[in-house]
Amino acid sequence: MTSPTVSTNSAAASDSSRKRDANPYRLPRDVQPIRYDLVIEPDLDAARFAGQVAIAATVQAPVDSVTLNAAELECRDATLCQGDRTTAAEISFDAETERMTLRPADGRPLTPGSLRIDCSFAGVLNDQLRGFYRSTFVDEAGVTRTIATTQFESTNARRAFPCFDEPDFKAVFGVTLIVPAELMAVSCGELVTSELIDGGRRRDTFADTMTMSTYLMAFIVGDLEATPPVDVGGVPLRIVHVRGKAALTEFGLEAAAFALEWLVSYYGIDYPGTKVDLIAVPDFAFGAMENMGAITFRETLLLADPRTATTAELLRISDVIAHELAHMWFGNLVTMDWWNGIWLKEAFATFMQVATTDAFRPEWKRWDEFSIERGAAFDVDALRTTRPVEYEVVSPADAEGMYDVLTYEKGAAVVRMLEQYLGPERFAAGVRQYLVRNSYANTTTTDLWDALEASSGEPVRAVMDGWIFTGGYPILTVASHRDGLQIAQQRFVYESGNAASSDAGASGQPDAAGQSVDPRPPEAWSVPVMARARLLDGSTVERRFLLSDSSATLDLGGPVEWAVVNSGGHGYYRVRYDGELLAAVARQALEVADPIERYGLVDDTYAAVVAGDASAAEFIELVTDLGAESDLHVWQRMIGGLKGLHAIAEPAGRDALAVLMRDLTTTALGVLGFEPQPDEPDLDRELRGVLFEAAGGRGRDELVRSRARELFEAATQGGAAVEPNLAAAAVQVTAAAGDHTDYEQMVELYRSADTPQSELRYLQALLLFADADLFGRTLRLFANEVRTQNAPYLLGAAMTHIDCGALAWAFIRDRWAELTARFPQNSIPRMVGGVRGLHTRQLATEVAAFFAEHPVPQGTLTVAQHIEKMWVNVRLHEREGTRIG
């Protein structure tokens, strides 16, 4: 008997096959690769490369041609071999779909069975940070050096060699690199043989990889060195870096060794590769990339000096290392069958990075910190231009648009919610079952639900489909009831019921990537609700239940004094209490709510202000009531909300908010202590930096500004050592109050920085100077000098400058063609994200009209979201800007 579940899966698979076959960007399935043998030789001086590929494949049915992917390559000398028949192949290209077709020159079809495809190719080591590209650095002698490195996800292996460049075309890869003898070469397999050949060159041959997708292949060549390997359960682990940076590897090695061992234990499956190389690349478009056994990183996310790095910087390194190592199982061993399912690897890797870092440094309270990242997903998912976590991907440009907070942070948030609802042990058992059952294969979302349902006995599919396949999320409204609580759900949308979305649409806002993406929710989500309450009789009760209807009564055994819904703070939904309950919770929050729950209270209240469902005065009242707060993450959200209101307020309101921020933060600093104490918790040190920056920055406290200058001078002029979190805050405060002399010093500090974190810290500080002329210099510096991996993000951030944001927008607008040609294509939508900080109707109308005429194909939906959020900000300014004060 066939179960309904199996029948549903079969129908879904059939529909997927039809869509695939109709998609002009997808390859035919009549030829399946089994193995690639690659020989590649980069010429770093000429910025070119050449190579040969031999592909062993299987022909499934008689065909007249073989179609594979190739882009920006010169291909020649292609042959097709079956048995004793070898024929030249005629080569044709389709530039739009990035496909190459090989037709047997002898005119005979290829028959079912084994096939060998041989082809020579050549290309340019590009500056777009994708495919096979150039990265440069200046060595200790002041000489500029070049590295050849790769970035293939999602569809860029085809820019390095002809291949079947789709995730379900898995194969084994054998790689040989021919390189200058003095340079180091790294690939996914361990080095097997290395021999000197003519012309001062060396031939390095690497062991075969496991069966895997093309986007996971990598090769890196340059003046590099590696740390001695660390043995982690029999797996050698190294960090590879440019010469001279060995002193910055200690923390990364510690974090990576812990993560690898912890992940093996969690998954219950041995590491699927043979070695782990973590490779710091000076120019890198993403944060890091999970190439099998040869993981590439931005330097700032791998190399650090713990003596000068802040807690947040070290946490980020731990996170990213754990994220990429988590992919060795979720993504590499088991891979989504197409890019619509990218959340299967990215959401789980994000979930696992938080879990791993939480185990690595429990004192960092990593799951509390995750509330901030979940808030970024909330912010996008409250827009009418949101999208489902999983939605249709047709073209490579569509795939590029999937790397956003909905895939990563929303995906991870709903996974965390599910884990807490099922229980960590049942959840982990389902994950193991999923990985074991599908090792070396490709999957869809339904395969994951099957494994979790089997391990837990819960209706996982029924609960989760609404969270993954529709956009948005609910807000639960909570009111007192004689038996406990009355809880109702509805979709939370910014500007709920008003004209925000029509403003955006009327101004030329593009639709969802040209697709019919319907973000509307089901009639009701299946919401796993955790609640805790104190009854009027003094007893405290806890309940867990699944809210599947639009409303329900939660029977707690009687009326409540106070209640915390979303107890534990792990639900992907917002909560709005009625007036009486809100007052009771706010009044006793420091006593009855955990820090993560207080964070949720503050975050939900600020979101209600943005949505027009609460006033700025209500948020300010709540923050004032929480003035005795001592938790880092709650303070970060309180200060973030006050800064958000400060940005949209009129001058009198800004002055009033500056006084409030100054009073709140200096009082909290007085309790915490202005000076670091020996052996105090890391998060106390980070909190001191957060409070210090807010007091001296937007708060404009003169004593803090004076102390900041003292600390800045001590840290930069060889004085007494300054605690890193306080030193970083002092840089920001000094910049915010800085003059031309300070500016020149910070530019020089950026150029001479001895760690990746310091370099980025001083670049970001340049954005804080108030003088418009200095701000203009900063914009030009970003556009002309700063690495292209950083410049787009910095220019985007420039549009959020409280006084000069319009200047930044004009700069980007006037140089649009130049900037978009120079910067990596994946970074353009992120640069545009800065428009969210603009808040005048005139400027917003101009921005929307500009992007109606200048589309961003690789981020159409993302740009639409930025523009809608900009309009939300305009409405917030118009509604609250004059009322604050």
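These remarks concern the structure in this document. Please read these numbers as outputs of a predicted model, since none were measured by experiment.

### Thoughts on the environment of T136
Here is step 1 of the chain: Relative to the helices and strands, T136 resides in strand β8 (residues 131-138).
Here is step 2 of the chain: For T136, a relative accessible area of 26% corresponds to the partly exposed category.
Here is step 3 of the chain: Between the C-alpha atoms of T136 and A148, which are 12 residues apart in sequence, the distance is 8.8 Å.
Here is step 4 of the chain: Residue contacts for T136: discarding those within four places in its chain leaves T144, R145, T146, P282, D283 and R787.

### Here we look at the packing of aromatic side chains
Here is step 1 of the chain: Considering all chains together, one arrives at 39 aromatic pairs under this definition.
Here is step 2 of the chain: Both rings, one in Y267 and one in W329, keep their centres 4.8 Å apart while their planes meet at 40°; by these two values the pair is tilted. One end of the pair, Y267, is in helix α2 (residues 250-267); the other, W329, is in the loop between α3 (311-326) and β21 (335-336), and 62 residues separate them in sequence. Pair check on accessibility: Y267 and W329 agree, each one buried.
Here is step 3 of the chain: Each ring, one from Y606 and one from F619, has its centre 5.2 Å from the other, and the planes form 70°; the classification is edge-to-face. Taken together, the positions of Y606 in helix α13 (residues 595-611) and F619 in helix α14 (residues 616-625) put the pair 13 residues apart, joining distant regions of the chain.
Here is step 4 of the chain: Residue Y606 is classed as buried on the basis of its relative accessible area, which comes to 11%.
Here is step 5 of the chain: Above the plane of the ring of W364 lies R361, whose end atom (NZ or CZ) is 5.8 Å from the centre.

### As for the pattern of salt bridges
A side chain with one charge can pair with a side chain of the opposite charge if their charged atoms come near.
Here is step 1 of the chain: Inspection of the entire model under this criterion finds 64 salt bridges.
Here is step 2 of the chain: Note that D277 and R238 form a salt bridge whose closest N and O atoms lie 2.8 Å from each other. You can see D277 sitting in strand β18 (residues 276-281) and its partner R238 sitting in strand β17 (residues 235-242), a full 39 residues away along the chain.
Here is step 3 of the chain: In this structure D277 comes out as buried when scored by relative accessible area, which is 2%.
Here is step 4 of the chain: For R238, a relative accessible area of 24% puts it in the partly exposed group.
Here is step 5 of the chain: Ionic pairing is found between K345 and E346, a salt bridge with its closest N-O pair at 2.5 Å.
Here is step 6 of the chain: Through salt bridges that share partners, E72, E98, R130, R158, R159 and D165 make up one connected network.

### Quick word on the sheet that holds strand β26 (residues 540-547)
Here is step 1 of the chain: Taking strand neighbours across the sheet as the criterion, the three strands line up as β26-β25-β28 in an open arrangement whose pairing is antiparallel. Both outer strands of the open sheet, β26 and β28 (560-565), are each paired with one neighbouring strand and no more. Averaged over all pairs of adjacent strands, the angle between strand axes in this sheet comes to 25°, irrespective of strand direction.

### Digging into the packing of helix α5 (residues 366-381) against α13
Here is step 1 of the chain: The N-to-C vectors of α5 and α13 enclose an angle of 20°; their axes lie 9 Å apart at closest approach. Regarding the angle of α5 to α13, the classification is roughly parallel. Like other packed secondary-structure pairs, α5 and α13 cross with a definite hand, here right-handed. For the pair α5 and α13, the contacting residues are W367, D368, S371, I372, G375 and F378 in the first and P595, I596, Y599 and D603 in the second.
Here is step 2 of the chain: Its residues assigned to classes, the contact of α5 with α13 comprises six nonpolar, two polar and two charged.

About the cut-offs
Residues numbered from 1 in each chain as written. Predicted model: local features only at pLDDT ≥ 70, side-chain atom pairs only at ≥ 80, totals over all residues. Heavy atoms only, no water. Helix = DSSP H or I, 4+ residues; strand = E, 2+ residues; numbered from the N terminus. Buried < 20%, exposed > 50% of the residue type's maximum accessible area, 1.4 Å probe, protein only. Contact = heavy atoms within 4.5 Å. Phe/Tyr/Trp six-rings, centres within 6.5 Å; stacked < 30°, edge-to-face > 60°. Lys NZ or Arg CZ within 6 Å of the ring centre and 35° of its normal. Salt bridge = Lys/Arg side-chain N within 4 Å of Asp/Glu carboxyl O. Pairing = 2+ DSSP bridges. Axes fitted to C-alpha atoms, helices over the stretch in contact; angles between N-to-C directions. Parallel < 35°, antiparallel > 145°, perpendicular 65-115°, else oblique. Left-handed = near helix turned anticlockwise from the far one by under 90°. Nonpolar A, V, L, I, M, F, W, Y, C, P; charged D, E, K, R; others polar.

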